[in-house]
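For reference, the chains in residue letters:
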Amino acid sequence: REFSAEVLAQACGLSEESLQDALKELVSRQVVEPSLLGYYRFVHDKLREGTYQGTPAERRRTLHAQAGAALEQRLTASGGAGSFEYGTLAHHWTHAEQWARAIGYLEKAGDQALRSSAIRHVLHSSRIYLVPRNDGRLLVGATIEYAGFAKANTAQGIHAMLDAAFELAPEICGAEIVEMWSG
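So, a few notes on the structure that sits alongside this text. (Residues numbered from 1 in each chain as written. Predicted model: local features only at pLDDT ≥ 70, side-chain atom pairs only at ≥ 80, totals over all residues. Heavy atoms only, no water.)

**Focus on the pattern of salt bridges**
Note the threshold: One side-chain nitrogen of Lys or Arg within 4 Å of one carboxyl oxygen of Asp or Glu is enough to make a salt bridge. Strands are runs of DSSP state E lasting at least 2 residues, helices are runs of H or I lasting at least 4, and numbering of each runs from the N terminus.
In this structure the tally under the stated criterion is 9 salt bridges. Ionic pairing is found between Glu 2 and Arg 41, a salt bridge with its closest N-O pair at 3.1 Å. Of this pair, Glu 2 sits in strand β1 (residues 2-4) while Arg 41 sits in strand β3 (residues 39-42), and the two are 39 residues apart along the sequence. When the shortest N-O distance is used, the salt bridge between Glu 33 and Arg 41 registers 2.9 Å. Connected through shared salt-bridge partners, Asp 45, Lys 46, Arg 48 and Glu 49 make up one network.

**A word on the sheet that holds strand β4 (residues 123-124)**
To keep things clear, this is the line we draw: Two strands are counted as paired when DSSP detects at least two bridges linking them. Pairs of residues are marked as contacts when any of their non-hydrogen atoms sit within 4.5 Å. Note on definitions: angles span 0 to 180 degrees between N-to-C directions of axes, and those axes are lines fitted to C-alpha atoms, for helices only across the stretch in contact.
With antiparallel pairing, 3 strands are arranged side by side in an open sheet as β4-β5-β6. Strands at the two margins of the open sheet, each flanked by one partner only, are β4 and β6 (138-141). Both β4 and strand β5 (residues 129-132) contribute to a ladder of 2 bridges, which runs antiparallel. The residue of β5 that forms the bridge with Leu 123 is Leu 130. Where helix α7 (residues 155-168) meets the sheet, it contacts β4, β5 and β6, and its direction lies at approximately 120° from that of β6.

**Overview of the packing of helix α4 (residues 57-77) against helix α5 (residues 86-95)**
Short version of the rule: Any angle from 65 to 115 degrees is called roughly perpendicular, while one under 35 is roughly parallel, one over 145 is roughly antiparallel, and all others are oblique. With the far helix as reference, a near helix turned anticlockwise by less than a right angle produces a left-handed crossing, and one turned clockwise produces a right-handed crossing. Residues were grouped as follows: Ala, Val, Leu, Ile, Met, Phe, Trp, Tyr, Cys and Pro as nonpolar; Asp, Glu, Lys and Arg as charged; and all remaining residues, including Gly, as polar.
Where α4 contacts α5, the two axes come as close as 7 Å, and the packing angle between them is 150°. Looking at the two axes, α4 sits roughly antiparallel to α5. Considering the relative orientation of α4 and α5, their crossing is left-handed. In contact with Arg 61, His 64, Ala 65, Ala 67, Gly 68, Ala 69, Leu 71, Glu 72 and Leu 75 of α4, α5 contributes Tyr 86, Thr 88, Leu 89, His 91, His 92, Trp 93 and His 95. Grouping the constituent residues of the contact of α4 with α5 by class yields 8 nonpolar, 6 polar and 2 charged.

**Details of helix α1 (residues 5-12)**
This is how the line gets drawn: Each residue is assigned to one of three classes by its accessible area relative to the maximum for its type, calculated with a 1.4 Å probe on protein chains only: buried under 20%, partly exposed between the two thresholds, exposed over 50%. Nitrogen and oxygen atoms within 3.5 Å of one another constitute a polar contact, given that in protein one can donate a hydrogen and the other can accept it, and given that sequence-neighbouring residues count only through two side-chain atoms.
Residues of α1 that are buried: Ala 5, Val 7, Ala 9 and Ala 11. Its buried side turned inward, α1 meets β1, α2 (16-28), β3 and α4. Taking the backbone nitrogen of Glu 6 as reference, a side-chain oxygen 3.2 Å away marks Ser 4 as the first, capping residue of α1. Just downstream of α1, Gly 13 is the residue with a positive phi angle, here 70°.

**Points about α5**
When you tally the buried positions in α5, you get 8 out of 10 residues, the bulk of the element. Within α5, burial applies to Tyr 86, Gly 87, Leu 89, Ala 90, His 92, Trp 93, Thr 94 and His 95. Looking one or two places after α5, you find Glu 97, whose phi comes out positive at around 60°.

**Some points on the environment of Leu 168**
Note on placement: Leu 168 falls in helix α7. Since its relative accessible area comes to 29%, Leu 168 is described here as partly exposed. With 45 residues separating them along the chain, Leu 168 and Leu 123 place their C-alpha atoms 7.7 Å apart. Apart from the residues lying within four places of it in its own chain, the contact partners of Leu 168 are Leu 123, His 124, Ser 125, Ile 128 and Leu 130.

**Concerning the nonpolar core**
We apply this condition: Only buried residues count toward a nonpolar core. Its members are Ala, Val, Leu, Ile, Met, Phe, Trp, Tyr and Cys residues joined through side-chain atoms within 4.5 Å.
Of all hydrophobic cores here, the largest spans 25 residues; its most connected members are Leu 89, Trp 93, Tyr 105, Leu 130, Ile 172 and Cys 173. Only α1, α4, α5, α6 (99-115) and α7 provide two or more residues apiece to this core. With 5 residues, the top contributor of residues to this core is α4. Residues Phe 3, Ala 5, Val 32 and Tyr 40 belong to the second largest nonpolar core, which totals 8 residues.

Written as structure tokens, this is what we have:
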């Protein structure tokens, strides 16, 4: 969960000086730490999660949209050299609820993952499992049972599954969704 200081400055509209002051303060308070090549990361996932959850939903959507726009500008300026960021772009546009852009980058990241044969064995977490199929497709699933089960796909359920899948394997962000079912 690293972030680029350059992209952060652009997304938040901060001057270089203001950004450096803010990052210096966050480093001194042991909230973030410098990583490699101008990147930073939260010292602990709980700090990142708490910060994210403490931000109002509308503000989170706006920030994701601003980060997506900043990454798109960087991708365009590099002449496509930043295509490694397709999954990150898909993540930001999904959370910004800008579905057309999210789907476009999900497709690009998926194509990239398929070309690199990214997943060759079953991956799983407490929220999701990913099972590569012999025909090249990837099964994404979760087994959750609650009383009052209704056999229907919901936007919230699909979003939660995709979010968990992207967290487990970011390289699949651009994969094409071929089929969905529940039950």
